[in-house]
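Per-entry structural report
Residue-level listing of the chains:
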Amino acid sequence: MIPQEIIRRKRDGATLEEAEIAFFIEGLTSGVVTEGQAAALAMAIFFRGMTRRECAHLTRAMTRSGSMLDWRGADLPGPVVDKHSTGGVGDNISLILAPAVAACGGFVPMISGRGLGHTGGTLDKLESIRGYQATPDEATFMAVVKSLGCAIIGQTADLAPADKRLYGIRDVTATVESIPLITASILSKKLAAGLQGLTMDVKTGNGAFMPTVAKSRDLARSIVDVATGAGLP
């Protein structure tokens, strides 16, 4: 397999095989696949779409591109859960909800995203706080979650690194609004965080990626289907 043939197949409307997607994502992580090739595939997916099966393969490949947190040995007295928003102007729910859930006995290892397109992400807000360490090592992240109940950080180099690279490429190539790409981006980070449950906040309307309720429902259904298939309620 070579990247340009995979790009050509998706450009022409073909359904990509799991091995093709895995090969491309491995190349994106290692640097063998160039930013131009990643941008071309993102644009092909934007126009041609992906089946749920393809999206699941993409999500799984991006999740496995780095390390995955394992909370089984942490002996936590509550569930490991999270919330994620698809983004929109004035999105500040995370800053309230994470400590509220922690106060109720949950544990929230929240890996937040930067802004995409015109929207500012939660991580951008937090980095405006002097001294806030947005990308700690995994041991520190897990220790803070265990002791305080929640931590909101940015994507580290070890957690879903393929998504981190593709995330930036989508931002500058007008391919942000693709439902399969949004789904895989969100869930690859959440699956890597080792969650036991996820709540999605899907924004609709002016200022959101999905301008209509119908498109928001499509995105929500995509996220639920792929997450459930991966064992994440």
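Further up the page is the structure itself.
Anyway, here's the lowdown on the structure attached to this text.

Looking only at helices and strands, one finds ten helices and four strands in the protein. Starting at the N terminus and walking to the C terminus, you meet the elements of the protein as α-α-α-α-β-α-β-α-α-β-α-α-β-α. Here the C-alpha atoms of the protein give a radius of gyration of 17 Å, agreeing with the 17 Å that 2.2 N^0.38 yields for 233 residues. Its C-alpha atoms give the protein principal-axis dimensions of roughly 50 × 40 × 35 Å. Counting over 233 residues, the protein shows a buried share of 51%. Counting only contacts in the protein whose residues sit at least 6 apart along the sequence, the fraction spanning at least 24 positions is 75%. About 10,900 Å² of surface is accessible on the protein, with carbon and sulfur atoms providing 56% of the total. Each charge class in the protein was averaged separately, 24 positive and 23 negative side chains, and the resulting centres sit 4 Å apart.

Moving on to the side chain of threonine 59. Positionally, threonine 59 belongs in helix α4 (residues 52-63). Only 2.8 Å separates the side chain of threonine 59 from the backbone oxygen of cysteine 55, close enough to count as a polar contact.

Attention shifts here to the packing of helix α2 (residues 18-30) against helix α8 (residues 161-172). Two quantities define a packed helix pair, namely the angle between the axes and the distance from one axis to the other. As a packed pair, α2 and α8 sit with axes 9 Å apart at the nearest point and diverge in direction by 80°. Between α2 and α8, the crossing angle belongs to the class labelled roughly perpendicular. Residue-level inspection shows Ile25, Gly27, Leu28 and Thr29 of α2 in contact with α8, the latter providing Pro161, Ala162, Arg165 and Leu166.

For the structure shown, the criterion picks out eleven salt bridges. Across the pair aspartate 12 and arginine 11 runs a salt bridge whose closest N-O atoms are separated by 3.0 Å. Here arginine 60 and glutamate 18 are joined by a salt bridge, their closest N and O atoms 3.6 Å apart. Taken as a pair, arginine 60 in helix α4 and glutamate 18 in helix α2 lie far apart in primary sequence, 42 residues in all. Counted as one network, the salt bridges with shared partners bring together Arg52, Arg221 and Asp225.

Thresholds, definitions, all that
Residues numbered from 1 in each chain as written. Predicted model: local features only at pLDDT ≥ 70, side-chain atom pairs only at ≥ 80, totals over all residues. Heavy atoms only, no water. Helix = DSSP H or I, 4+ residues; strand = E, 2+ residues; numbered from the N terminus. Rg over C-alpha atoms; globule rule 2.2 N^0.38 Å. Buried < 20%, exposed > 50% of the residue type's maximum accessible area, 1.4 Å probe, protein only. Contact = heavy atoms within 4.5 Å. Areas by Shrake-Rupley, 256 points an atom, 1.4 Å probe, with all protein chains shown as cover. Lys, Arg positive; Asp, Glu negative; His and termini not counted. Charge placed at Lys NZ, Arg CZ, Asp CG, Glu CD. Polar contact = N/O pair within 3.5 Å; in protein donor to acceptor, adjacent residues only side chain to side chain. Axes fitted to C-alpha atoms, helices over the stretch in contact; angles between N-to-C directions. Parallel < 35°, antiparallel > 145°, perpendicular 65-115°, else oblique. Salt bridge = Lys/Arg side-chain N within 4 Å of Asp/Glu carboxyl O.

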